[in-house]
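Residue strings, one per chain:
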Amino acid sequence: MRLTQFLTVCLCGLLICSALCGCESKKEGAATPSGDEPGASVGSEQFTPEDVFQLLTGADDVKLSVVYTEVEKSGTVNISESAVVEKDGDLVKAVLADNDENNVYYYDLDAMLGYEQNDNGTWESVSVEESVPDWQACLDMAFAIEGMNSRIEWLFSSDTYEAYDAKTGRCMMKTDEMVGFFGENWTEMTAYLMQSGDTYYLYMSTADDIGTFTYKLEMEYADVSVTLPK
């Protein structure tokens, strides 16, 4: 799959995000998560891809970070998208970034309310009962980057990966699965699920003489504090 072929999918992902959210804030600054490859695993225990997704969908507190980039061989960044979604019980904060544009969303899943910022900077609550009724809808926002929301079953299936390796804390993606997703033209391909302490990673990267594609999903299970805007 070539760099230009990814562009259409990314634009579709952004449209999905906008349709799901419905509560867009003004442009705000937000820290962009790192797209660097994870370091060595520390304190990993045997897991399956299904275990990781079950933990993600059932978490009371989690910080979910997604980074997607396409970079030409010259160093020019064609696409840079990210999402940071924090869950504190029924309270959720989501920061979606497309190149230099940041949008912030808040949700109270128990009350089925979202919060939007009007032109004068005041936050107002709106019903999101139909658009964002639960945590799964919030996950869809993050996974919509690069269209991964349509690939969740594949991303978290044991059939997609080799068996867990205790030495690396990883489940490496099978070669034929990588080729099926990325295509056959890339000179370098790597993809895996990994655990390190309280954090799980999904990392995928390719490179050839045109450029690189990188997708990184980080799931950090720790105390998260979300305060709804006033």
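See the structure printed just above.
Residues numbered from 1 in each chain as written. Predicted model: local features only at pLDDT ≥ 70, side-chain atom pairs only at ≥ 80, totals over all residues. Heavy atoms only, no water.

**Quick look at the overall build of the protein chain**
To keep it simple, the criterion reads: The way it works is that DSSP assigns letters per residue, a run of H or I at least four long becomes a helix, a run of E at least two long becomes a strand, and they are numbered from the N terminus. Relative accessible area decides the class of each residue, using a 1.4 Å probe on protein chains only: under 20% of the type maximum gives buried, over 50% gives exposed, and in between gives partly exposed. Here, two residues are considered to be in contact whenever any of their heavy atoms come within 4.5 Å of each other. We get accessible surface area from the Shrake-Rupley algorithm with a probe of 1.4 Å; when it comes to residues, only the shown protein chains can shield them.
When helices and strands are tallied, the protein chain shows five helices and 10 strands. Every one of the 230 residues in the protein chain was classed for burial, and the buried ones make up 48%. Across the protein chain, every contact between residues at least 6 apart in sequence was considered, and the portion connecting residues at least 24 apart equals 58%. Element-wise, carbon and sulfur atoms account for 45% of the exposed surface of the protein chain, whose accessible area totals about 11000 Å².

**Quick notes on the pairing of strand β1 (residues 61-72)**
What counts here: If DSSP finds at least two bridges between two strands, the strands pair.
Pairing analysis gives 11 bridges linking β1 to strand β2 (residues 77-88), with the strands arranged antiparallel. Looking at β2, one finds that Lys63 is bridged to Glu86. Following β1, the chain reverses through four residues before pairing antiparallel with β2; Gly75 in that reversal takes a positive phi of roughly 100 degrees. With 10 bridges joining them, β1 and strand β10 (residues 211-220) adopt antiparallel strand pairing.

**Details of the nonpolar core**
This is how the line gets drawn: As used here, the term nonpolar core means buried Ala, Val, Leu, Ile, Met, Phe, Trp, Tyr and Cys residues forming a set that is joined through side-chain atoms within 4.5 Å.
Within the largest apolar cluster, 51 residues are counted, with the highest numbers of intra-cluster contacts made by Phe143, Met204 and Tyr215. Beyond its immediate stretch of four places on either side in the chain, Met204 contacts Met148, Leu155, Met173, Phe181, Phe182, Thr190, Ala191, Phe213, Thr214 and Tyr215. By size, the runner-up hydrophobic cluster in this structure holds eight residues, among which are Val95, Tyr106, Trp123 and Val226.

**Quick word on the sheet that holds strand β4 (residues 101-108)**
So the rule is basically this: Between N-to-C directions, angles span 0 to 180 degrees; the directions come from axes that are lines fitted to C-alpha atoms, helices contributing only their stretch in contact.
Pairing in this open sheet of 10 strands is antiparallel, and the strands run β6-β5-β4-β3-β2-β1-β10-β9-β8-β7 from one edge to the other. Both edges of this open sheet fall to β6 (123-127) and β7 (170-172), since each of them pairs with a single strand only. Between one strand axis and the next, the sheet turns through 15 degrees on average, direction left out of account. Taken together, the three bridges between β7 and strand β8 (residues 188-196) define a ladder with antiparallel strand orientation. Residue pairing for β8: Cys171 is matched across the bridge by Leu193.

**What about the pairing of β2?**
One ladder, built from eight bridges, connects β2 with strand β3 (residues 91-98); its direction is antiparallel. Bridging across to β3, Ser82 finds its partner in Ala97. Joining the antiparallel neighbours β2 and β3 is a turn of two residues, in which Gly89 adopts a positive phi near 65 degrees.

**Re helix α2 (residues 49-58)**
Cut-off, in case you're wondering: Directions pointing from the helix axis toward each C-beta atom define the arc.
Restricting attention to buried positions, one finds in α2 the residues Pro49, Val52, Phe53 and Leu56. Angularly, the buried residues of α2 cover 90 degrees about the axis, an arc narrow enough to put them on a single face. Away from the buried face of α2 by more than 90 degrees, exposed residues Gln54 and Gly58 are located. Buried positions along α2 lie against β1, α3 (135-143), α4 (152-155), β8, β9 (199-207) and β10.

**A look at the packing of α2 against α3**
Going by this rule: We call two directions roughly parallel when the angle between them is under 35 degrees, roughly antiparallel when it is over 145, roughly perpendicular when it lies between 65 and 115, and oblique otherwise. Any residue that is not Ala, Val, Leu, Ile, Met, Phe, Trp, Tyr, Cys, Pro, Asp, Glu, Lys or Arg is counted as polar, Gly included; the first ten are nonpolar and the last four charged.
At a minimum axis distance of 9 Å, the contact between α2 and α3 shows a crossing angle of 120 degrees. Relative to α3, the element α2 is oriented oblique. Where α2 approaches α3, its residues Phe53, Leu56 and Thr57 are matched on the opposing element by Trp135, Gln136, Leu139 and Phe143. Residue composition of the contact of α2 with α3, grouped by class: five nonpolar, two polar and no charged.

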